[in-house]
Amino acid sequence: MTTSHLDALVDALRKLPGVGVKSAQRMAFHLLQHDRAGAQQLARALDEAVRGVRHCARCHTFTDQALCAICSDTHRDARQLCVVETPADQAALERTGSYRGYYYVLMGRISPLDGIGASALGAAGLMARATEGDVEEVILATSFTAEGEATAHVLSEGLKARGLKVTRLARGVPAGSELEYVDLSTIAHALVDRR
Ligand SMILES: [Zn+2]
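Residues numbered from 1 in each chain as written. Predicted model: local features only at pLDDT ≥ 70, side-chain atom pairs only at ≥ 80, totals over all residues. Heavy atoms only, no water.

1. What to know about the overall build of the protein
Along the protein, the regular secondary structure elements total 8 helices and 6 strands. Listing the helices and strands of the protein from first to last along the sequence gives α-α-α-β-β-α-β-α-β-α-β-α-β-α. Projecting the C-alpha coordinates of the protein onto the three principal axes gives extents of approximately 60 × 35 × 35 Å. Of all 195 residues assigned to the protein, the portion counted as buried reaches 38%. Pairs at least 24 residues apart make up 56% of the contacts formed inside the protein by residues separated by at least 6 positions. Surface summary for the protein: the accessible area is close to 11300 Å², and the carbon and sulfur share equals 55%. Charged side chains in the protein number 22 positive and 23 negative. The centres of these two groups are separated by 1 Å. (Helix = DSSP H or I, 4+ residues; strand = E, 2+ residues; numbered from the N terminus. Buried < 20%, exposed > 50% of the residue type's maximum accessible area, 1.4 Å probe, protein only. Contact = heavy atoms within 4.5 Å. Areas by Shrake-Rupley, 256 points an atom, 1.4 Å probe, with all protein chains shown as cover. Lys, Arg positive; Asp, Glu negative; His and termini not counted. Charge placed at Lys NZ, Arg CZ, Asp CG, Glu CD.)

Put into structure tokens, the structure is as follows:
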């Protein structure tokens, strides 16, 4: 039995996080009934992103180039390296305008239940970047969730063992929160009061 085009589309849409059969059907019906041009735009954007987006060679975030825009900026403070979980967290810190160092983007966090330990998270890449030479302080800005705290703890051990000064965003950020959703002045204060 061959799968119809519609079934194949619904199956594909279900690959999105949090999308079940019903939502996937709703999306498919909407695109086919009301927005075929939008559907084609989506297909093109997906195809191009999958082919063209890679990880920055220095900070591991998503980029179209070998180096992302921030790592390419030579006017930032090379003595500071801020570790965040996601590009969205990095964007939140950038919006505060109070951080001028570089970043390392983990693209996740340690999650024992999902089988993601330090090695799966790519901690080795961070250790290599942090010991490249100019870095004097590594600021851990992982989220204040249980997994974010565990991630900070594990990374801190590894970084300290390599002789680096390690600080953590101050506790002004509410427990259990993702940085991405915290207001800018709170993040800015947490950055200033880090220890
Ligand atoms: Zn980069």
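Right, picking up where we left off after that structure.
2. Regarding the pattern of salt bridges
Summed over the entire model, instances satisfying the criterion amount to 9 salt bridges. The salt bridge partner of R79 is D77, with a shortest N-O separation of 3.0 Å. Each of R58, R129 and E132 takes part in salt bridges that share partners, so that together they form one network. (Salt bridge = Lys/Arg side-chain N within 4 Å of Asp/Glu carboxyl O.)

3. Quick notes on the sheet that holds strand β5 (residues 137–140)
One key point about sheets: their strands pair by backbone hydrogen bonds, in either a parallel or an antiparallel sense. Sheet architecture is open: 4 strands sit in the order β4-β3-β5-β6, paired in parallel fashion. At either margin of the open sheet sits one strand with a lone partner, and together these are β4 (101–105) and β6 (165–168). Ignoring strand direction, the axes of neighbouring strands in this sheet form an average angle of 25 degrees. One ladder, built from 5 bridges, connects strand β3 (residues 77–84) with β4; its direction is parallel. The residue bridging L81 from the neighbouring strand is Y102, located in β4. (Pairing = 2+ DSSP bridges. Axes fitted to C-alpha atoms, helices over the stretch in contact; angles between N-to-C directions.)

4. A few points about a nonpolar patch on the surface
Side chains of L6, F29 and L32 sit close together on the surface and give an oily, nonpolar patch of about 240 Å² of accessible area. Relative to the elements of secondary structure, L6 occurs in helix α1 (residues 5–13). (Patch = residues over 30% accessible without salt bridge, like charges linked within 9 Å, V, L, I, M, F, W, Y side chains within 5 Å.)

5. Observations concerning the UniProt feature "zinc finger region: C4-type" (unreviewed entry) in the protein
Mapped onto the present numbering, the UniProt feature "zinc finger region: C4-type" (unreviewed entry) falls at residues 56–71. Across residues 56–71 one finds 19% helix and 12% strand; the C-alpha atoms that close the span lie 8 Å apart. (UniProt positions renumbered as here; feature names shortened; annotations may be inferred.)

6. Examining helix α8 (residues 184–192)
Burial in α8 covers these residues: T186, I187, A188, A190 and L191. Next to the buried residues of α8 lie α5 (87–96) and β5.

7. Quick notes on the pairing of β4
Of all the 5 residues making up β4, 5 are buried; the element is thus mostly covered by neighbouring parts of the structure. At this point the chain moves from β3, through α5, to the parallel β4, and the crossover so formed is right-handed. (Right-handed = clockwise from strand over helix to strand, strands pointing away.)

8. Notes on the environment of E149
Mapped onto the elements, E149 comes out in helix α7 (residues 146–161). Separated by 19 residues in sequence, E149 and R168 place their C-alpha atoms 9.8 Å apart.

9. What about the coordination of the zinc ion?
Within the protein, the zinc ion binds to C56 (SG), C59 (SG), C68 (SG) and C71 (SG); these donor distances fall in the range 2.3 Å. Bound by 4 donor atoms, the zinc ion shows angles of 106 to 118 degrees at the metal and therefore tetrahedral coordination geometry. One chain supplies every donor to the zinc ion, and in sequence these donors are spaced C-x2-C-x8-C-x2-C. Relative accessible area serves as the criterion here: at 1%, C59 is assigned to the buried category. (Donors = N, O, S within 2.8 Å, 3.2 Å for Na, K, Ca; no water. Tetrahedral: all angles 85-135°; square planar, octahedral: opposite > 155°, others 65-115°.)

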